[in-house]
2 protein chains.
Amino acid sequence: MNIPNIDLPRLVIIGAGFAGLQIARRMNTNYYQTVLLDKNNYHTFQPLLYQVASAGLEPDSIAYPIRKTLRNRKNTFFRLAEVQQIDEENKQVKTNIGNLKFDKLVIATGACNNFFGNATIEMNSLPMKSLTDALNLRSKILGNFEKALNTNNLLEREALMNFVIVGAGPTGVELAGALAELKNKVLPKDFPDLDLRKMNINLIEGAPKILAAMSETSSQKAHQFLKQMGVYIYTDTLVTDYKNNLVLTNKDIQFTTDTLIWAAGVQGDFPKGKHTELIGKSNRIITNEFCQIKTSEDIFVLGDAGIIQSEQYPNGLPMLASVAMQQGQYLAKTLNQMAANKSIQPFVYNDKGTMATIGRNQAVAEIAKYKFQGIFAWFVWMLVHLMLLVGFRNRIVVFINWTWNYFNYNNGLRLIIRPYRRPFKKNVQ
Amino acid sequence: MNIPNIDLPRLVIIGAGFAGLQIARRMNTNYYQTVLLDKNNYHTFQPLLYQVASAGLEPDSIAYPIRKTLRNRKNTFFRLAEVQQIDEENKQVKTNIGNLKFDKLVIATGACNNFFGNATIEMNSLPMKSLTDALNLRSKILGNFEKALNTNNLLEREALMNFVIVGAGPTGVELAGALAELKNKVLPKDFPDLDLRKMNINLIEGAPKILAAMSETSSQKAHQFLKQMGVYIYTDTLVTDYKNNLVLTNKDIQFTTDTLIWAAGVQGDFPKGKHTELIGKSNRIITNEFCQIKTSEDIFVLGDAGIIQSEQYPNGLPMLASVAMQQGQYLAKTLNQMAANKSIQPFVYNDKGTMATIGRNQAVAEIAKYKFQGIFAWFVWMLVHLMLLVGFRNRIVVFINWTWNYFNYNNGLRLIIRPYRRPFKKNVQ
């Protein structure tokens, strides 16, 4: 890999998510040469992917070019690369564009879907972890209604208009709410010749309640909001298989659907190497409270890819954007302190609370000891997400979209953009 | 195809471009049942595709969902369908979702690229006729620089940083100008470790001047603007072949490039059928001055797909958005008159002028007998394009982007969005 040789220790960061980007932007550039690697040239604001999937936001407004965030930072380099292996002994990473030596390494590669070993579900369901996933889902959802218009087969039409979301964490709940708004407000005007009452949104959750990580109050309120919007909720239910448009569960209930959206679980995702021997819950790499792996004090794992095992966090920290961001900020500070031969402190998580939005004026939030629901929670949710978005332009565009949608539910992003189709010309010849 | 049987004559429109959309939105819904068919669910504002390709605008802001434009129009239906054949004798169209009878038919299918029979150019060059094309081009251009960073092979780097645009009509000229702005203002900050002076933009034109359809003054001024921005222009030059990254011409000059963008010619593009026997210049279907084909007075061809042959227009009309829009408006009126048994008039083109933008503050315009260049032409160009965009939201978003870019050349749309990549997980197993 072409990186200039500079007489400074080299810090390599794999992944430009919430953790990796924070470090790259905060390192003291006099102490380290920083090389950030990612398989995409942009940072994705994952908490809003569901709004891209439900045609509420354009993809470009929740993505941000990595190079732009690193402008004017000296000794800082970005490379578009897929890391294939981490060679701890020789302190280098192997990538599709060559090898790169490191002095310090940060693994901040995040998480991928966890299908709990079910290959048919993995093959047939739609995930929502990346911008591409969200765009595919948008095209799929809108395409289903176009297809539903063209079939006289009632079973096929039912499958096309039935949506099953597996997993009622924030992602599943927010997507269910967004689909319900599409059903109630947007699609009936787009498809006047289709009976939209036959569109069903089913949310399936293995735990006894939705938003299992939140309090009973928040969970119940979110449940009530979703029910009012017409979402069918099945708790205590596990999806066991999905093929030929049929979703099977561990209960006496099954669903016919062409669209199974998987939001049921994630697991740590990282390149192979010796560190993969230190695996904890949800396939996350075990670290100490300094986010270091146990076999090397020069390798750190942040965010969803790692899990701290210490007395302070016996169950590790949740897989949340706020944990990743705080760890990124922490590690930048710690690495700078290490370089200056100062003493370092273990990572302390500052729990800023959790929230989920269900629909307009309807959200649930838990901040410190305060729990609130409804329109105030919804405004707080919007404000927090606007602030967390990277880039002033993105904030403006998202704000305009939200304001626009608030007043007329109709932003005109319902595009089915699919790969190249050949022109008619080819048919003629 | 599932279209309700209504006791009205059925008008089928193929293509929701500038012509097709105008008709569908203007028909008297008491006289006709209107069925609009398109292979995409959105209308594309083609004149601004080049700004999507050069990362100046998000794709969603120049596309508009067709269903949204037809809201609240009774007896009007849209179907997402690819028309495969037109059966004039039985008055029906054959599509991938079934057959559809028509009483009146409008072929408004536009144009596709014309490679003048050169198969290697067709296979290796990048077109810019659709939103997908423009997004592919954006990813390709940005990806080239990421790759250029990773190679020590100077010939390969040259090929990656050399851009060749074939055809100096408005599309080629506007794209060349946009790439020059990327080179001069945007990319040096994104790629501080790459020598951007080595990026070359070459514009090749077969005619003796660029913007051949415009006046000598406009052409010369545009030429001067482009040269000032560092674009290399080769007039009187024909590209004869392109393979192994080498562009050959009919002159003693050749180019090494990984990116050949084809903007050299378009031709009419339409489903097969009997009307394909009536072909004029540039593969366009010959019509009379009522836009009717000669073998059936119930079949009309509008826009780029058709060419009027009459005394008034001995050379036909140019392939321009304004011609298509006016023909759409004309035909809606004419069909309404026909249904009301009123007399009809032949189509008269109202030439509103032409313009092309080269860069900030730099455009050329010819409106009626007035020719003007520079900042005033540029403002007129922006104003006209904002007005022609479909949808108020799109106008706002484009306006914000343009204003933003005007002040800081930096809008953050430089995303390489490519199809699905598998997670690391798969490497581990």
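Each value, and the rule that gives it
- Residues numbered from 1 in each chain as written.
- Chains lettered and ligands numbered in written order.
- Predicted model: local features only at pLDDT ≥ 70, side-chain atom pairs only at ≥ 80, totals over all residues.
- Helix = DSSP H or I, 4+ residues; strand = E, 2+ residues; numbered from the N terminus.
- Rg over C-alpha atoms; globule rule 2.2 N^0.38 Å.
- Contact = placed C-beta atoms within 7 Å.
- Axes fitted to C-alpha atoms, helices over the stretch in contact; angles between N-to-C directions.
- Parallel < 35°, antiparallel > 145°, perpendicular 65-115°, else oblique.
- Left-handed = near helix turned anticlockwise from the far one by under 90°.
- Pairing = 2+ DSSP bridges.
- Nonpolar A, V, L, I, M, F, W, Y, C, P; charged D, E, K, R; others polar.
- Buried ≥ 20, exposed ≤ 12 C-beta atoms within 10 Å, placed from the backbone.
- Domains from an automatic or database assignment.
- Expected span 1.5 Å × (residues − 1).
- Least-squares fit on C-alpha atoms with pLDDT ≥ 70 in both.
- Core = buried A, V, L, I, M, F, W, Y, C linked by C-beta atoms within 7 Å.
- pLDDT = per-residue confidence, 0-100.

## Let's talk about the overall build of chain A
Right, so step 1: Across its full length, chain A holds twelve helices and 26 strands.
Right, so step 2: Scaling as 2.2 N^0.38, a compact globule of 429 residues should have a C-alpha radius of gyration of about 22 Å, and chain A matches this with 23 Å.
Right, so step 3: Counting contacts in chain A only where the partners sit at least 6 residues apart, residues at least 24 apart contribute 65% of the total.

## Let's talk about the packing of helix 11 (residues 392–408) of chain A against helix 11 (residues 392–408) of chain B
Right, so step 1: In the contact formed by helix 11 of chain A and helix 11 of chain B, the axes pass within 12 Å of each other and the chain directions differ by 165 degrees. Considering the angle they form, helix 11 of chain A stands roughly antiparallel to helix 11 of chain B. Handedness of the helix 11 of chain A/helix 11 of chain B crossing: right-handed. Each of Arg 393, Ile 396, Val 397, Ile 400 and Trp 404 of chain A in helix 11 of chain A lies in contact with helix 11 of chain B, whose residues at this interface are Arg 393, Ile 396, Val 397, Ile 400 and Trp 404 of chain B.

## A word on the pairing of strand 6 (residues 83–87) of chain A
When a strand is regular, its side chains alternate between the sheet's two faces.
All names here are of chain A.
Right, so step 1: Of the pairings in the sheet, the one linking strand 6 to strand 7 (residues 92–95) comprises four bridges and is antiparallel in character. Among the inter-strand pairings, Val 83 is bridged to a residue of strand 7, identified as Thr 95.
Right, so step 2: Here strand 6 folds back onto strand 7 in antiparallel fashion, the turn holding four residues, of which Lys 91 has a positive phi close to 50 degrees.

## Quick look at the sheet that holds strand 13 (residues 232–234) of chain A
All names here are of chain A.
Right, so step 1: Strand order in this open sheet of four strands is 13-12-11-17, and the pairing throughout is parallel. Of all the strands in the sheet, just strand 13 and strand 17 (259–262) have a single pairing partner and so form its edges. Each strand of the sheet is rotated relative to its neighbour by a mean of 20 degrees, with strand direction disregarded.
Right, so step 2: Where strand 11 (residues 162–166) and strand 17 come together, four bridges link them in parallel fashion.

## Things to note about the interface of chain B and chain A
Right, so step 1: With 59 residues of chain B in contact, the opposing surface of chain A contributes 60 residues.
Right, so step 2: Only strand 4 (63–65), helix 3 (66–69), strand 5 (76–80), helix 5 (131–149), helix 7 (170–190), helix 11 and helix 12 (425–428) of chain B provide two or more residues apiece to the side of chain B that touches chain A.
Right, so step 3: Looking at the side of chain B that touches chain A residue by residue, the class counts come to 28 nonpolar, 14 polar and 17 charged.

## So, the environment of Asp 38 of chain A
Residue and element names in this part refer to chain A.
Right, so step 1: Mapping Asp 38 onto the fold places it in strand 2 (residues 33–38).
Right, so step 2: The class for Asp 38 is buried, based on 24 C-beta atoms found within 10 Å.
Right, so step 3: Here the alpha-carbon distance between Asp 38 and Ile 14, two residues 24 residues apart in the chain, equals 6.2 Å.
Right, so step 4: Discounting chain neighbours no more than four positions away, the residues touching Asp 38 are Gly 15, Ala 16, Ile 66 and Leu 80.

## Some points on the domain arrangement of chain A
Often, the extent of an interface is quoted as the loss of accessible area upon association of its parts.
Right, so step 1: Assigned domains within chain A: domain 1 (10–39 + 81–113 + 266–339) and domain 2 (119–264 + 353–408).
Right, so step 2: Between domain 1 of chain A and domain 2 of chain A, the C-alpha centre-to-centre distance is 31 Å.

## Here we look at helix 8 (residues 216–228) of chain A
Residue and element names in this part refer to chain A.
Right, so step 1: In this model helix 8 runs 18 Å from its N-terminal to its C-terminal C-alpha over 13 residues, within 8% of the 18 Å that 1.5 Å per residue would give.
Right, so step 2: For helix 8, the set of buried residues is Ser 218, Ser 219, Lys 221, Ala 222, His 223, Phe 225 and Leu 226.
Right, so step 3: Buried positions along helix 8 lie against helix 7 (170–190), strand 12 (200–204), strand 13, strand 24 (354–359), strand 25 (362–367) and strand 26 (370–374).
Right, so step 4: Gly 230 lies just past helix 8 and shows a positive phi near 95 degrees.

## Thoughts on the relation of the copies chain B and chain A
Here two copies of a chain appear, and what relates them is a rotation about an axis with a shift along it.
Right, so step 1: Superposition of chain B onto chain A requires a rotation of 180 degrees combined with a translation of 0.0 Å along the rotation axis, giving an RMSD of 0.0 Å. Each copy turns onto its partner about a two-fold axis. The rotation axis passes nearest to the C-alpha of Val 397 of chain B in chain B, at a distance of 3.6 Å.

## Comments concerning the sheet that holds strand 25 of chain A
Residues and elements named next belong to chain A.
Right, so step 1: Sheet architecture is open: three strands sit in the order 24-25-26, paired in antiparallel fashion. The open sheet is flanked by strand 24 and strand 26, the only strands paired with a single partner. Pairwise comparison of adjacent strand axes, ignoring direction, gives a mean angle of 5 degrees for this sheet.
Right, so step 2: In this sheet, strand 26 lies alongside strand 25 in antiparallel orientation, the contact comprising five bridges. Opposite Val 364, over in strand 26, you have Gln 373 as the bridge partner.
Right, so step 3: Lying on the sheet, helix 10 (residues 375–388) is in contact with strand 24, strand 25 and strand 26; it crosses strand 25 at an angle near 75 degrees.

## Let's talk about the nonpolar core
Right, so step 1: Residues Ile 261 of chain A together with Val 106 and Ile 261 of chain B are the most contacted members of the largest nonpolar core, which totals 260 residues.
Right, so step 2: Dropping the residues within four chain positions of it, Ile 261 of chain B is found in contact with Ser 125, Leu 126, Met 128, Leu 137, Phe 163, Val 164, Ile 165, Val 166 and Leu 175 of chain B.

## Observations concerning the pairing of strand 9 (residues 104–107) of chain B
Residue and element names in this part refer to chain B.
Right, so step 1: Burial of the side chains of strand 9 extends over both faces: Lys 104 and Val 106 are buried on one face and Leu 105 and Ile 107 on the other.
Right, so step 2: Bridging between strand 1 (residues 10–14) and strand 9 involves four bridges; their strand directions are parallel. Bridge pairing links Val 12 to Leu 105 in strand 9.
Right, so step 3: The sheet contact formed by strand 9 and strand 22 (residues 296–301) spans three bridges and is parallel. The residue of strand 22 that forms the bridge with Leu 105 is Ile 299.

## Observations concerning the environment of Glu 156 of chain B
Right, so step 1: Here Glu 156 of chain B shows up in helix 6 (residues 154–161).
Right, so step 2: Separated by 100 residues in the primary sequence, Glu 156 of chain B and Thr 256 of chain B have C-alpha atoms spaced 8.9 Å apart.

## Examining helix 9 (residues 321–339) of chain A
All names here are of chain A.
Right, so step 1: For helix 9, spanning 19 residues, the distance from its first C-alpha to its last is 27 Å, which sits close to the expected 27 Å at 1.5 Å a residue.
Right, so step 2: Of the positions making up helix 9, those classed as buried are Val 323, Ala 324, Gln 326, Gln 327, Gly 328, Tyr 330, Leu 331, Ala 332, Thr 334 and Leu 335.
Right, so step 3: Its buried side turned inward, helix 9 meets strand 1 (10–14), helix 1 (18–26), strand 9 (104–107) and strand 22 (296–301).
Right, so step 4: Downstream of helix 9 by a residue or two, Asn 341 has a phi angle that is positive, lying close to 60 degrees.

## So, the environment of Ile 107 of chain B
All names here are of chain B.
Right, so step 1: By the secondary structure assignment, Ile 107 is in strand 9.
Right, so step 2: Judged by the 30 C-beta atoms lying within 10 Å of it, Ile 107 falls in the buried class.
Right, so step 3: Remark: the alpha-carbon pair of Ile 107 and Trp 378, spanning 271 residues in sequence, is separated by 34 Å.
Right, so step 4: With residues up to four places along the chain from it excluded, the contact list for Ile 107 reads Ile 14, Phe 270, Ile 285, Ile 299, Val 301 and Ala 305.

## Examining the confidence of the model for chain A
A low pLDDT score tells you not to read the predicted coordinates there in detail.
All names here are of chain A.
Right, so step 1: Per-chain confidence: chain A averages 92 in pLDDT, with 97% of residues scoring 70 or above.
Right, so step 2: In this model residues 425–429 is a low-confidence stretch, pLDDT under 50, and it forms seven contacts with partners more than four residues away in sequence or in other chains.
Right, so step 3: Quick note on the complex model: pTM equals 0.92, ipTM equals 0.88.

## Brief notes about the packing of helix 1 of chain A against helix 9 of chain A
Residues and elements named next belong to chain A.
Right, so step 1: Axis separation between helix 1 and helix 9 bottoms out at 7 Å; the angle between their running directions is 25 degrees. For the element pair helix 1 / helix 9, the angle class is roughly parallel. Remark: the crossing between helix 1 and helix 9 carries right-handed chirality. Contact with helix 1, carried on its side by Phe 18, Ala 19, Gly 20, Leu 21, Gln 22, Ile 23 and Arg 26, involves Ala 321, Ala 324, Met 325, Gln 327, Gly 328, Gln 329, Leu 331 and Ala 332 of helix 9 and no other residues of that element.
Right, so step 2: The class makeup of the residues in the contact of helix 1 with helix 9 is nine nonpolar, five polar and one charged.

## Quick word on unusual backbone geometry
Right, so step 1: Phi is positive for Asn 341 of chain A, close to 60 degrees, though the residue is something other than glycine.
Right, so step 2: Examined against the element boundaries, Asn 341 of chain A turns out to sit in the loop between helix 9 and strand 24.
Right, so step 3: We note that Ser 282 of chain B has phi near 55 degrees; this positive angle belongs to a residue other than glycine.
Right, so step 4: Note on placement: Ser 282 of chain B falls in the loop between strand 19 (272–273) and strand 20 (285–287).
Right, so step 5: A count of 15 C-beta atoms within 10 Å places Ser 282 of chain B in the partly exposed class.

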